[in-house]
Amino acid sequence: MAPDAWMLYGLMYKSRVFEEAVRQIWQAGRISGEMHLGLGEEAIAAGIIPQLVEGDALALDHRGTPAMLMRGVAPLALLREFMGSPDGLCAGMGGHMHLFAPEKLAASSGIVGAAGPAAAGFGLAAQMLRPNCVSVAFFGDGATSAGMLLESFNLAVVWKLPVLFVCKDNDWAITTPAETAVGGNLLARARAFGMRAEEVDGRDALAVWQAASEALRHARAGNGPVFLWAHCIHLEGHFLGDGLLDMFRRPVYSLRKRVWPMVKGFFHPQGAAWGERLAAARQIVGQVLSIQNQTSPQGDPLLCLRPALERENARRLADLEASIRDEIQKVVSQAVALEGNMA
Ligand SMILES: Cc1ncc(C[n+]2csc(CCOP(=O)(O)OP(=O)(O)O)c2C)c(N)n1
């Protein structure tokens, strides 16, 4: 089946508009706790999820919103869940990280690496109960050295489980750059388990579609799991209010709240040796400078696809975007009104 670029863009745009609305609602204080958005990784979900059929399962990480939406979970149920409401997807008990949509066989977990065992379990169930079905695990580079994920790779290979393991690699795990925490090469690692492995540009929904299409065919045919290494960025850093991005977005606030205490710490009379202090300061400056790549429009998956669609039919694109914005605006109004009714 050839990918329909319009459909993929529509899925990504809806996810983007929805998560931007979530950001506003979070900033207004109507959602409590941390908020991890999938802004920047939409093409990975869009390239894979429309290829799933009934009976296929999804095991997601702490950025499960785009995948849940694209699998057809109602945006209102998600938003009410994030708001901690009893009428949310999980009765307000899961928040944005621990989502469960049983009728879609989709579950997310905030425990880094947990998508591995969950996907292996879903894969085993598919092998025993639902022939030709698969499960897909989404996780970040920060999960790739977690023992439970590596055990899942092993089990999936020896039991020939129909699992697609997808690493959404944005080069960071909170403030830890992957180069300082992930040894070797992830393709070589996966292949060392005896698993088929491919690398793909995770900004390009069409490229992800092609790679996933092959991988899913392989898994559905009973040939065992596949590892897909997809590179992406996170336009909002690790979570909303990310301190590193804040240095650029709110420099005055950051100078007062973050930089000044660090300067005081740096010159504290009872601190570490000067060499260690300098090394730490250099590390922090390096991180602040490199986090900026995460917000570069060059890495934005929507901008990767949009120009071609605009050239093809600008009117159709404008209509598509307007109808999605409308739909999400209605969902937001409904969610806010429901909150008012409950107060
Ligand atoms: C087992 C476990 N250890 C630590 C954490 C804290 N934690 C939350 S997100 C995160 C980083 C995850 O990085 P990555 O997997 O690359 O995903 P990203 O946030 O970059 O999408 C960590 C360490 C956790 N939730 N679970």
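Residues numbered from 1 in each chain as written. Predicted model: local features only at pLDDT ≥ 70, side-chain atom pairs only at ≥ 80, totals over all residues. Heavy atoms only, no water.

Our focus in this paragraph is the site of the ligand. Of all residues adjacent to the ligand, which total 15 residues, the nearest are His62, Arg63, Gly110, Gly142 and Trp172. At 3.4 Å from an oxygen atom of the ligand is found a main-chain nitrogen or oxygen belonging to Ala143. Side-chain polar atom of Asn170 to an oxygen atom of the ligand: 3.1 Å apart, as the coordinates give it. Alone, the ligand offers 580 Å² of accessible surface; in the complex the protein occludes 70% of this. Residues that form the shell around the ligand fall into these classes: 6 nonpolar, 7 polar and 2 charged. (Near = heavy atom within 4 Å. Polar contact = N/O pair within 3.5 Å; in protein donor to acceptor, adjacent residues only side chain to side chain. Areas by Shrake-Rupley, 256 points an atom, 1.4 Å probe, with all protein chains shown as cover. Nonpolar A, V, L, I, M, F, W, Y, C, P; charged D, E, K, R; others polar.)

This next bit is on the pairing of strand S5 (residues 163–169). The buried count for S5 comes to 7 of 7 residues, which makes it a mostly enclosed element. Across the two faces of S5 the burial is the same, with Val163, Phe165, Cys167 and Asp169 and Leu164, Val166 and Lys168 all buried. Relative to S5, strand S4 (residues 135–140) runs parallel, the two sharing 6 bridges. By the bridge assignment, Phe138 is partnered in S5 with Val166. Once the chain exits S4 it traverses helix H6 (residues 147–158) before rejoining the sheet at S5, and the crossover so formed is right-handed. By the bridge criterion, 6 bridges tie S5 to strand S9 (residues 226–231) in an arrangement that is parallel. Across the sheet, residue Lys168 finds its bridge partner in S9, namely Ala230. (Buried < 20%, exposed > 50% of the residue type's maximum accessible area, 1.4 Å probe, protein only. Helix = DSSP H or I, 4+ residues; strand = E, 2+ residues; numbered from the N terminus. Pairing = 2+ DSSP bridges. Right-handed = clockwise from strand over helix to strand, strands pointing away.)

A word on the sheet that holds S5. The strand order across the open sheet built from 7 strands is S2-S3-S1-S4-S5-S9-S8, with neighbouring strands paired in mixed fashion. Single-partner strands in this sheet number two, and they are strand S2 (100–101) and strand S8 (196–201). Contacts from H6 reach S4, S5 and S9 within the one sheet, and its direction differs from that of S5 by about 150°. Contacts between helix H8 (residues 205–220) and the sheet are confined to S5, S8 and S9, with S8 contributing the most and set at about 165° to the helix. (Contact = heavy atoms within 4.5 Å. Axes fitted to C-alpha atoms, helices over the stretch in contact; angles between N-to-C directions.)

Pairs may arise between side chains of opposite charge once their charged atoms sit close together. Inspection of the entire model under this criterion finds 21 salt bridges. The salt bridge partner of Arg196 is Glu198, with a shortest N-O separation of 3.9 Å. It is possible to trace a salt-bridge network through shared partners that takes in Glu20, Arg23, Glu236 and Arg249. (Salt bridge = Lys/Arg side-chain N within 4 Å of Asp/Glu carboxyl O.)

By the assigned domains, the protein splits into domain 1 (5–233 + 297–342) and domain 2 (243–295). The distance between the C-alpha centroids of domain 1 and domain 2 comes to 32 Å. Across the domain 1/domain 2 interface, buried area totals approximately 580 Å², and carbon plus sulfur atoms make up 52% of it. Its largest share of buried area at the contact with domain 2, domain 1 owes to Trp172, Thr175 and Ile233, together 75% of the area lost on that side. (Domains from an automatic or database assignment. Buried area = accessible area lost by both parts, 1.4 Å probe.)

Time to look at the environment of Ser290. Along the chain, Ser290 falls in helix H11 (residues 274–291). A residue is classified by how much of its surface remains accessible, and Ser290, at 28% relative accessible area, is partly exposed. The sequence separation of Ser290 and Leu244 amounts to 46 residues, and the corresponding C-alpha distance is 9.5 Å.

As a rule of thumb, non-glycine residues mostly have phi less than zero, and peptide bonds are mostly trans rather than cis. Of note in this structure, Leu105 is not a glycine but carries a positive phi near 50°. In this structure, Leu105 sits in the loop between S2 and strand S3 (106–108). Taking the relative accessible area as the measure of exposure, Leu105 reaches 23% and is therefore partly exposed. Not every positive phi belongs to a glycine, and Asp171 is a case in point at roughly 75°. By secondary structure assignment, the location of Asp171 is in the loop between S5 and strand S6 (172–173). Given the relative accessible area of 43%, Asp171 is considered partly exposed.

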